Amino acid sequence: MAGARTARSGAVATLLIVHHTPSPHCQAMFEAVLSGATDPEIEDVRVVRVPALSATASDVLAADGFLLGTPANLGYMSGALKHFFDQVYYPCLDATRGRPFGYWVHGGNDVTGAVRGIESVTTGLGWRRTAEAVTVTGEPDKGDLQRCWELGATVAAGVMG
């Protein structure tokens, strides 16, 4: 599949985490995802984390897989993640088709619009979701944070050679 990449034998893969973490709940979810992605048992994966407003097309083109995190704001993904997608969509459209990704969303009471938006854009990019999305409303509990850890570990393991 064009654009699909995994680490070659002896090579290090890059997992790009693009996130917007404006609240303590979003921060807790991000830290759990990061902890899973950087678990010592996952070898030969370099994890790069970039705030959504700073991530560039070059970051995306250099990555073998992606993790995306956002709050649900006013019924949609955060403006920061939307800005990220607006900046990278066309420059990365053909080159990243088939690459693995996963995502997490936190909302106060509803995440439906944010999930729909992320699914729509990543489908257009041709990215391949390799883990169940983690969606949380309200305060994340221990089980939610465990699912975030598993999300990070699963997507990181998926880009491992």
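Residues numbered from 1 in each chain as written. Predicted model: local features only at pLDDT ≥ 70, side-chain atom pairs only at ≥ 80, totals over all residues. Heavy atoms only, no water.

In the nomenclature of an unreviewed UniProt entry, the chain is known as Flavodoxin of Streptomyces cahuitamycinicus.

For the rest of this paragraph, the subject is the packing of helix 3 (residues 79-92) against helix 4 (residues 112-125). As a packed pair, helix 3 and helix 4 sit with axes 12 Å apart at the nearest point and diverge in direction by 15°. On the basis of their axis angle, the class for helix 3 and helix 4 is roughly parallel. The element helix 3 and its partner helix 4 pack so that their crossing is left-handed. Contact residues: L81, F85 and Y89 in helix 3; I118, V121, T122, G124 and L125 in helix 4. Here the residues of the contact of helix 3 with helix 4 are counted per class, giving 6 nonpolar, 2 polar and no charged. (Axes fitted to C-alpha atoms, helices over the stretch in contact; angles between N-to-C directions. Helix = DSSP H or I, 4+ residues; strand = E, 2+ residues; numbered from the N terminus. Parallel < 35°, antiparallel > 145°, perpendicular 65-115°, else oblique. Left-handed = near helix turned anticlockwise from the far one by under 90°. Contact = heavy atoms within 4.5 Å. Nonpolar A, V, L, I, M, F, W, Y, C, P; charged D, E, K, R; others polar.)

The feature "domain: NADPH-dependent FMN reductase-like" (unreviewed entry), as given by UniProt, occupies residues 49-109 in the numbering adopted here. A helix fraction of 31% and a strand fraction of 36% characterise residues 49-109, whose end C-alpha atoms lie 27 Å from each other. (UniProt positions renumbered as here; feature names shortened; annotations may be inferred.)

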